[in-house]
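Letter by letter, the chains look like this.
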Amino acid sequence: MIERPDERQLIVRARSHLEQWTNRARTEAYSELFEGDDPILTAEDLQLLDALDSALERQGGDGVWGTDQYGIHTAGEMGADVPLGVVCVYHPQITEDSVLRDGDDIDDETEERLNTALWRYSERVSTLIEDELEEFVHRTRSKT
């Protein structure tokens with residue numbers, strides 16, 4: 001009889017898929033939130049966010065897109081339906097310190113709007129990754 005993988009093995013195996021799941025989730029979340037008929041930012045705000053991303057990357061930083069980070073954690077007992085969860089461990093954020101645009105400051109309202117959108121984006125990515133994780137756990141358990 002084959003034993004179920006223990007929690008540590010399950011986490012290690014799941015983490016090996018995290019980058020792939022994250023890339024797929026970022027694409028889907030971006031499409032859901034920033035494209036289509038009801039985007040959460042105006043075209044002008046999205047263009048501004050993309051310009052900030054490019055400016056930060058040119059200055060040697062990581063930019064905005066793709067700096068969000070996610071982790072897999074234990075979410076309960078091994079007997080639970082899905083014993084693992086996903087958390088966003090780094091939400092990208094526009095701050096006065098990160099916006100280096102030759103003194104061309106962004107007003108507080110715009111900064112807040114962009115940061116709210118980035119937060120929603122990161123949380124949506126986290127949810128989509130967790131969906132992949134749950135499917136992975138169910139597939140893994142059905143093989144044992």
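All of these numbers come straight from a predicted model, not from anything done at the bench.

Engineer: An account of the packing of helix α2 (residues 18-34) against helix α4 (residues 108-143) is needed here, citing residue identities and associated values.
Structural biologist: Where α2 meets α4, the closest approach of the two axes is 8 Å, and the angle between their N-to-C directions is 130°. Relative to α4, α2 is oriented oblique. Of the two possible hands of crossing, α2 and α4 adopt the one that is right-handed. For the pair α2 and α4, contact is made by Leu18, Trp21, Thr22, Arg24, Ala25, Arg26, Glu28, Ala29, Tyr30, Glu32, Leu33 and Phe34 and by Ala117, Arg120, Tyr121, Arg124, Val125, Leu128, Ile129, Glu132, Leu133 and Phe136, respectively. Across the contact of α2 with α4, the residue classes break down as 14 nonpolar, one polar and seven charged.

Engineer: Tell me what's going on with a nonpolar patch on the surface, and back it up with residues and numbers.
Structural biologist: Taken together, the side chains of Val87, Val89 and Tyr90 present a nonpolar region at the surface, about 260 Å² in accessible area. Tracing the backbone shows Tyr90 in strand β2 (residues 84-90).

Engineer: Let's hear about the side chain of Arg26: which residues, and what values?
Structural biologist: Summarising the element assignment, Arg26 is placed in helix α2. Arg26 sits in the buried class, given a relative accessible area of 18%. In this view, Arg26 contacts Gly66, Asp68, Tyr121 and Val125; residues no more than four positions away in its chain are not counted.

Engineer: Outline the nonpolar core, supporting the account with residue identities and numerical values.
Structural biologist: In globular proteins that are soluble, nonpolar side chains generally tend to be buried together. Phe34, Leu49, Leu84, Ile129 and Leu133 are the most contacted members of the largest nonpolar core, which has 34 residues in total. Breaking this core down by element, the ones donating at least two residues are α1 (7-15), α2, α3 (43-58), β1 (69-74), β2 and α4. The element contributing the most residues to this core is α4, with ten residues. Beyond its immediate stretch of four places on either side in the chain, Ile129 contacts Leu18, Trp21, Thr22, Ala25, Tyr70 and Val86.

Engineer: Could you give me a rundown of the packing of aromatic side chains, with the residues and numbers involved?
Structural biologist: Per the counting criterion, the structure on display carries six aromatic pairs. Measuring from centroid to centroid gives 5.5 Å for Phe34 and Trp65, while their planes differ by 75°, and the two rings are edge-to-face. Pair noted here: Phe34 is in helix α2 and Trp65 is in the loop between α3 and β1, with a separation of 31 residues, a long-range link. Across the pair, exposure class does not vary: Phe34 and Trp65 are buried alike. Look at Trp65 and Tyr121: their rings are 5.2 Å apart centre to centre, the planes differ by 85°, and that puts the pair in the edge-to-face class. Of this pair, Trp65 sits in the loop between α3 and β1 while Tyr121 sits in helix α4, and the two are 56 residues apart along the sequence. Judged by relative accessible area, Trp65 falls into the buried class, the value being 18%. A residue is classified by how much of its surface remains accessible, and Tyr121, at 4% relative accessible area, is buried. Among the aromatic residues, ring-to-ring pairing joins Tyr30, Phe34, Trp65 and Tyr121 into one connected group.

Engineer: How would you explain α2 if you had to name every residue and give the values?
Structural biologist: Given a rise of 1.5 Å per residue, 17 residues ought to cover 24 Å, and the 23 Å separating the end C-alpha atoms of α2 matches this to within 8%. Of all the residues in α2, the buried ones are Leu18, Trp21, Thr22, Ala25, Arg26, Ala29, Leu33 and Phe34. On an axial view of α2, the arc spanned by its buried residues comes to 140°, and they lie on one face. Downstream of α2 by one or two residues, Gly36 has phi in the positive range, about 90°.

Engineer: So, the packing of α1 against α4: which residues are in play, and what are the values?
Structural biologist: Axis separation between α1 and α4 bottoms out at 11 Å; the angle between their running directions is 125°. With respect to their mutual orientation, α1 and α4 come out oblique. Between α1 and α4 the crossing geometry is right-handed. Within the contact between the two elements, α1 uses Leu10, Arg13 and Ala14 and α4 uses Leu133, Phe136, Val137 and Thr140. Of the residues belonging to the contact of α1 with α4, the class tally is five nonpolar, one polar and one charged.

Thresholds applied
- Residues numbered from 1 in each chain as written.
- Predicted model: local features only at pLDDT ≥ 70, side-chain atom pairs only at ≥ 80, totals over all residues.
- Heavy atoms only, no water.
- Axes fitted to C-alpha atoms, helices over the stretch in contact; angles between N-to-C directions.
- Helix = DSSP H or I, 4+ residues; strand = E, 2+ residues; numbered from the N terminus.
- Parallel < 35°, antiparallel > 145°, perpendicular 65-115°, else oblique.
- Left-handed = near helix turned anticlockwise from the far one by under 90°.
- Contact = heavy atoms within 4.5 Å.
- Nonpolar A, V, L, I, M, F, W, Y, C, P; charged D, E, K, R; others polar.
- Patch = residues over 30% accessible without salt bridge, like charges linked within 9 Å, V, L, I, M, F, W, Y side chains within 5 Å.
- Areas by Shrake-Rupley, 256 points an atom, 1.4 Å probe, with all protein chains shown as cover.
- Salt bridge = Lys/Arg side-chain N within 4 Å of Asp/Glu carboxyl O.
- Buried < 20%, exposed > 50% of the residue type's maximum accessible area, 1.4 Å probe, protein only.
- Core = buried A, V, L, I, M, F, W, Y, C linked by side-chain atoms within 4.5 Å.
- Phe/Tyr/Trp six-rings, centres within 6.5 Å; stacked < 30°, edge-to-face > 60°.
- Expected span 1.5 Å × (residues − 1).
- Arc of directions from axis to C-beta.

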